[in-house]
Amino acid sequence: MEKKNILSEIVHICRVTFEEPHLKITEKTTSRDIPKWDSLNHVMLIAAIEKKYNIKFDLDDMLEFDSIGDICEGVYKKTS
Amino acid sequence: MNKYNQKEISLNLIDFYEYFARKNQLKYSYDDDIFWVRNAPGVWPNWTISNSESEDFEKVVDWNIKKVIAREIPAYWNVFPGISQYQVIDRLEGAGFREIFRWKGMALNLEEFEAQKNEVTGLEVRLINNGKDMDHFVDMLNDILLDANQLSKKDMHNFIGDKKFLFFLGYLHNQMVSTAMINLRDDVAGVYMVTTLPAFRNKGIGTAMTNEALACAIERNATRAVLHASKMGEPIYRKMGFKEYNLYRIFWLVGKQYR
């Protein structure tokens, strides 16, 4: 799967998870940029991404994802 | 000694929540197998804890999972170490819970411990005894450590001048940079809420704060210290002499309605 496609899909999932349809997100976006991106929404975001791609991240991966770029990279590694 | 430490690491945590709940008149329940404490939504603490020590634990867990789903007890579930830990985890995961943290249970014999002199230049550690400092403590903790569930200043003011819960603030050149707290249960001091502002990490402040808290506990006749270390904190505590005894695994039932 192409990284560009992954990013756009994850952006969509973020907007749904954080309930902000017009949220501006790039690979560099982190939780510090989005007030609603707290620890529980982080878990919900990862769970939604896992469901979308039929993959599973372990706890260490989940806790180490700091940016959208990290998550995209994680998805790319699991799906390629 | 191992079994004693393992038990104390668990009992100090339950004692911590129970005392917090009683002082703040929160709803809580404690039987042999399950402990839970509730606060308002979004306000710490909201925890369910299971003691996984008996072999036929499944019925108790299944019954309480239903209560979580019905939102009668909190959706954060701390699975204590024990012979049934993996069976409990299987059941939680089957019901939609997801592991969100892991803490290492650690202990230190204070009778063999020598608190190190504070070597961080300009660091002053204060025992909190007034409302203003307590408010600062709450603000710092909410900012650094807690996000989805925040401490309330009103709840914490009930502990100003308390003899069992002792709270500390670290000031570096008069700027507030760090927190720590201990819970005294008999002769065991539980260490909790050790945080340092991100910009001030890796300077020895966490170590200095823990040292000061332990020195305070020793003055109050504590002979042992216990804590639950995150991945970030573990190397600091190991260097101080804390040893690992068990593993606590925290799960959350994933869903907007379970925040």
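Owing to the predicted nature of the structure, the values given are computational and were not obtained by experimental measurement.

**A closer look at the overall build of chain A**
Helices and strands together make up the secondary structure of chain A, namely four helices and zero strands. The N-to-C order of helical and strand elements in chain A reads α-α-α-α. A compact globule built from 80 residues would reach a C-alpha radius of gyration of about 12 Å, and chain A, at 11 Å, matches this within 12%. For chain A, the spread of C-alpha atoms along the three principal axes comes to 30 × 25 × 20 Å. Counting over 80 residues, chain A shows a buried share of 45%. A fraction of 57% describes how many contacts in chain A between residues 6 or more apart in sequence connect residues 24 or more apart. Approximately 4,600 Å² of chain A is accessible, and the part contributed by carbon and sulfur atoms is 49%. The average position of the 12 basic charges and that of the 15 acidic charges among the side chains of chain A differ by 5 Å.

**Quick word on the sheet that holds strand β11 (residues 243-253) of chain B**
Residues and elements named next belong to chain B. Pairing is mixed in the open sheet, where 11 strands are placed in the order β1-β2-β3-β4-β11-β5-β10-β9-β8-β7-β6. Each edge of the open sheet is held by one strand with a lone partner, namely β1 (27-30) and β6 (123-127). For this sheet, the mean inter-axis angle between neighbouring strands, taken without regard to orientation, is 20°. Bridging between strand β9 (residues 188-196) and strand β10 (residues 224-229) involves four bridges; their strand directions are parallel. Bridged to V188 within β10 is R224. On top of the sheet, helix α3 (residues 85-94) reaches β3 (47-50), β4 (76-79), β5 (97-109) and β11; it is set at about 20° to β11, its chief contact.

**Focus on the nonpolar core**
The biggest cluster of nonpolar side chains holds 119 residues, and the ones touching the most others in it are A:I10, A:I71, B:W77, B:F137, B:L151, B:F167 and B:M193. For this core, the element with the highest residue contribution is helix α1 (residues 2-23) of chain B, accounting for eight residues.

**Here's the deal with unusual backbone geometry**
What is expected of a backbone is that most residues other than glycine have negative phi and most peptide bonds are trans. Residue and element names in this part refer to chain B. The linkage connecting W44 with the following residue, P45, adopts the cis geometry, with an omega of -5°. Residue H173 is not a glycine yet carries a positive backbone phi of 50°. Positive phi outside glycine occurs at M193, with the angle close to 55°. By secondary structure assignment, the location of M193 is in strand β9.

**Thoughts on the side chain of B:D15**
Take B:D15: it is sitting in helix α1. When its relative accessible area of 13% is taken as the criterion, B:D15 is described as buried.

**Describing the layout of surface pockets**
Residues and elements named next belong to chain B. Taken as a whole, the second largest pocket spans an internal volume of roughly 320 Å³. In this structure, the second largest pocket is lined by 15 residues; those nearest its centre are Q6, K7, S10, E53 and P81. By residue number, the principal contributor to the lining of the second largest pocket is α1, which donates five residues. Looking at the lining of the second largest pocket residue by residue, the classes come out as five nonpolar, five polar and five charged.

**Describing the pairing of β3(B)**
Residue and element names in this part refer to chain B. The two faces of β3 match: W47 and I49 on one face and T48 and S50 on the other face are all buried. Judged from the four bridges that link them, strand β2 (residues 34-38) and β3 form a sheet pairing that is antiparallel. The residue of β3 that forms the bridge with V37 is W47. Examined bridge by bridge, β3 and β4 share three bridges and lie parallel to one another. Opposite T48, over in β4, you have W77 as the bridge partner. Taking the sense of rotation as the criterion, the β-α-β connection linking β3, helix α2 (residues 58-69) and β4 turns out right-handed.

**Details of the packing of helix α1 (residues 3-17) of chain A against helix α4 (residues 68-79) of chain A**
Residues and elements named next belong to chain A. Packing of α1 against α4 brings their axes to within 10 Å, and their N-to-C directions diverge by 125°. If you check the angle between α1 and α4, you find them oblique. For the crossing formed where α1 meets α4, the hand is right-handed. Where α1 abuts α4, its residues K3, I6, L7, I10 and C14 lie against I68, I71, C72, E73, V75, Y76 and T79. Split into classes, the residues belonging to the contact of α1 with α4 amount to nine nonpolar, one polar and two charged.

**A short note on α1(A)**
Residues and elements named next belong to chain A. Over its 15 residues, α1 extends 21 Å from the first C-alpha to the last, a length consistent with the 21 Å expected when each residue adds 1.5 Å. When we look at burial in α1, the residues that qualify are I6, I10, V11, I13, C14 and T17. Each buried residue of α1 lies within a common arc of 165° when the element is viewed along its axis, so the set occupies one face. Opposite the buried face of α1, by more than 90 degrees, sit the exposed residues K4, H12 and V16. The inward-facing, buried residues of α1 contact α2 (39-53) and α4.

**A word on the interface of chain A and chain B**
With 17 residues of chain A at the interface, the matching set in chain B holds 14 residues. Together chain A and chain B conceal approximately 1,400 Å² of surface at their shared face, both sides included; 59% is due to carbon and sulfur atoms. The three residues of chain A that bury the most area against chain B are A:L40, A:M44 and A:L59, which together make up 42% of that side's buried surface. At the boundary of chain A with chain B, the tally comes to five salt bridges. In this structure, the salt-bridge partner of A:E19 is B:K256, at a minimum N-O distance of 2.7 Å. Between the two partners, chain A and chain B, sit seven residue pairs in polar contact (both at pLDDT 80 or more). If you tally residues by element for the side of chain A that touches chain B, the top one is α2(A), at eight residues. In the side of chain A that touches chain B, the residues fall into nine nonpolar, two polar and six charged.

Cut-offs applied
Residues numbered from 1 in each chain as written. Chains lettered and ligands numbered in written order. Predicted model: local features only at pLDDT ≥ 70, side-chain atom pairs only at ≥ 80, totals over all residues. Heavy atoms only, no water. Helix = DSSP H or I, 4+ residues; strand = E, 2+ residues; numbered from the N terminus. Rg over C-alpha atoms; globule rule 2.2 N^0.38 Å. Buried < 20%, exposed > 50% of the residue type's maximum accessible area, 1.4 Å probe, protein only. Contact = heavy atoms within 4.5 Å. Areas by Shrake-Rupley, 256 points an atom, 1.4 Å probe, with all protein chains shown as cover. Lys, Arg positive; Asp, Glu negative; His and termini not counted. Charge placed at Lys NZ, Arg CZ, Asp CG, Glu CD. Pairing = 2+ DSSP bridges. Axes fitted to C-alpha atoms, helices over the stretch in contact; angles between N-to-C directions. Core = buried A, V, L, I, M, F, W, Y, C linked by side-chain atoms within 4.5 Å. 1 Å grid on protein atoms, 1.4 Å probe; cavity = no way out; pocket = protein on both sides within 12 Å on 5 of 7 lines; lining within 4 Å. Points joined across faces, edges and corners; volume = space filled by probe spheres on them. Nonpolar A, V, L, I, M, F, W, Y, C, P; charged D, E, K, R; others polar. Right-handed = clockwise from strand over helix to strand, strands pointing away. Parallel < 35°, antiparallel > 145°, perpendicular 65-115°, else oblique. Left-handed = near helix turned anticlockwise from the far one by under 90°. Expected span 1.5 Å × (residues − 1). Arc of directions from axis to C-beta. Buried area = accessible area lost by both parts, 1.4 Å probe. Salt bridge = Lys/Arg side-chain N within 4 Å of Asp/Glu carboxyl O. Polar contact = N/O pair within 3.5 Å; in protein donor to acceptor, adjacent residues only side chain to side chain.

Fair warning: the whole summary comes from geometry, so function is off the table for now.
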